[in-house]
Structures are given as C-alpha cells and as structure tokens.
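Descriptive structure summary
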Amino acid sequence: MGCPKSETRLRTLLLAALDRSPSGRTTTSLAREVCSPTKRVAGRLAEMQRAGRLIGVVPKVESGRQIKLWFALQHAEQAAAAGPVGWAAAATKRQTAKRATTIAQAMAPKPMRPAAEPVRITAPPFVDRRFTPERVEPFFSAMTPGSYLRTGSAIEAAYAGREGKA
C-alpha cells in the first residue's frame with residue numbers, strides 16, 4: 001500500500017485501520033500503518049474527532065506518559081472501558097495552564113524547596129581588601145607649611161617655574 005497523497009484517502013485509511021482494531025490505536029501506530037507523518041495523522045484524527053466520526057480517549061495511568069488512544073465509533077464500549085471520553089482535553093488544559101505564557105513569568109524566580117537541614121555557614125564571609133592599604137604613609141600632612149616645596153615634586157617644579165618668571 002502506497003502513502004496517501006490526498007486528505008480524503010488518508011481519512012479513509014485511518015477509519016479502516018480503526019475499524020480493524022477494537023482495542024484502540026495510538027497516533028504513532030496509525031501513522032506507521034498508513035505511511036504518513038505523525039503530525040499529519042494527528043491533525044486528521046483531531047478533525048475527525050471534532051466531527052464526531054471517531055473517539056479519542058486518554059486512559060489514566062499510574063506512572064509514565066499518557067498516550068491518547070483512538071477508537072472507531074463501533075468500538076464505543078471498549079473506548080468507555082479504556083477511560084473517560086473528554087478527559088484528555090481537560091488534562092491538556094491543566095498542563096498548558098501551568099506553563100509560563102510571558103517572558104516575565106518564565107524569568108520570575110521560582111520558589112525553592114525547603115531544605116531538610118538548616119543552612120550552615122562553614123567559611124567566614126569574604127571581605128574585599130584589594131584596594132585597602134595596610135598602612136597609610138602620611139606625606140603632606142607630616143610636613144610643615146612650605147616644606148613640601150623642597151621635595152622634588154611636581155608642586156616644587158611648578159612653584160620654581162612661577163618664581164623664575166617673576
């Protein structure tokens with residue numbers, strides 16, 4: 001059997017495959033059988049469910065991933081035994097409500113789990129002493145007024161130049 005080119009042919013193949021399986025089928029197994037991409041098959045199955053041509057059920061599982069099963073209308077009893085109809089839509093809405101919808105919500109800080117033990121500080125706090133001198137040497141404050149002119153500093157050179165001009 002070749003891959004279906006038209007949507008009508010795909011829908012016909014999907015309904016035929018579901019008619020043959022009373023225990024339901026997953027989207028992936030149907031996609032493999034009809035030789036079509038999974039996304040395309042999922043879209044057609046959702047359309048046919050909205051149109052009332054088949055039944056989609058997500059059975060409740062204790063652990064693991066929940067997978068939607070598809071049933072033909074003639075297998076409605078098996079679908080009801082597998083799980084409640086419409087439960088998948090409610091589960092999907094609950095999951096999308098938990099997702100962050102804006103960048104601000106996604107970047108907001110998340111609450112932390114409480115620790116089993118209180119936090120213990122094992123090292124002293126870090127103090128940045130890179131720009132703090134150990135001992136300050138007084139230079140100008142240790143000199144008497146006018147004595148800083150004979151130190152060979154830039155101030156002495158400036159005063160010497162000014163006195164030479166006068």
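Residues numbered from 1 in each chain as written. Predicted model: local features only at pLDDT ≥ 70, side-chain atom pairs only at ≥ 80, totals over all residues. Heavy atoms only, no water.

A look at the overall build of the protein chain
Assigned secondary structure in the protein chain consists of 7 helices and 3 strands. When each of the 166 residues of the protein chain is scored for burial, the buried share is 23%. Counting contacts in the protein chain only where the partners sit at least 6 residues apart, residues at least 24 apart contribute 49% of the total. (Helix = DSSP H or I, 4+ residues; strand = E, 2+ residues; numbered from the N terminus. Buried < 20%, exposed > 50% of the residue type's maximum accessible area, 1.4 Å probe, protein only. Contact = heavy atoms within 4.5 Å.)

Concerning the sheet that holds strand β3 (residues 69-72)
Read across the sheet, 3 strands follow the order β1-β3-β2 without closing on themselves; strand pairing throughout is antiparallel. The two strands at the open ends of the sheet, each matched to only one other strand, are β1 (25-26) and β2 (54-57). Bridge analysis of β2 against β3 gives 4 bridges, and the strand direction is antiparallel. Within β3, the residue paired with valine 57 across the bridge is leucine 69. The strands touched by helix α1 (residues 7-19) within the sheet are β1, β2 and β3, with β3 carrying the most contacts at an inclination of about 90 degrees. Across the sheet, helix α3 (residues 38-50) touches β2 and β3, and the angle it forms with β2 is around 110 degrees. (Pairing = 2+ DSSP bridges. Axes fitted to C-alpha atoms, helices over the stretch in contact; angles between N-to-C directions.)

A look at the nonpolar core
Core analysis: the biggest nonpolar cluster contains 15 residues, and Leu14, Leu18, Leu30, Val41, Leu45 and Leu54 have the highest contact counts within it. Looking at this core, the elements that each hand over two or more residues are α1, α2 (27-34), α3 and β3. Per-element tally for this core: the top contributor is α1, with 6 residues. If sequence neighbours within four positions are ignored, leucine 14 has contacts with Leu30, Val34, Val41, Arg44, Leu45 and Met48. Ranked by size, the runner-up nonpolar core spans 5 residues in total, among them Ile55, Leu69, Phe71 and Ala79. (Core = buried A, V, L, I, M, F, W, Y, C linked by side-chain atoms within 4.5 Å.)

With respect to α2
Each α-helix winds once per 3.6 residues, and so residues spaced three or four apart point in a common direction. Taken together, the buried positions of α2 are Thr27, Ser29, Leu30, Ala31 and Val34. The inward-facing, buried residues of α2 contact α1, β1, α3 and β3. Once α2 ends, the next one or two residues include cysteine 35, with phi positive near 60 degrees.

Points about α3
Taking 1.5 Å as the rise per residue, α3 with 13 residues should run 18 Å; its terminal C-alpha atoms sit 18 Å apart, in good agreement. Looking at the buried positions of α3, the neighbouring elements they touch are α1, α2, β2 and β3. Within two residues after α3, glycine 52 carries a phi angle of roughly 85 degrees, on the positive side. (Expected span 1.5 Å × (residues − 1).)

Here we look at unusual backbone geometry
The residue cysteine 35 is not glycine, and still its phi comes out positive at about 60 degrees. Structurally, cysteine 35 can be placed in the loop between α2 and α3. For cysteine 35, a relative accessible area of 37% puts it in the partly exposed group.

Structural notes on the side chain of arginine 44
For arginine 44, the position within the fold is in helix α3. Once you skip the residues sitting within four places of it in the chain, arginine 44 turns out to touch Glu7, Leu10, Arg11 and Leu14.

Considering the pattern of salt bridges
Evaluated as defined, the whole model comprises 7 salt bridges. With a closest N to O distance of 2.7 Å, glutamate 33 and arginine 25 form a salt bridge. By sharing partners, the salt bridges in this structure join Glu7, Arg11, Arg40, Arg44 and Glu47 into a single network. (Salt bridge = Lys/Arg side-chain N within 4 Å of Asp/Glu carboxyl O.)

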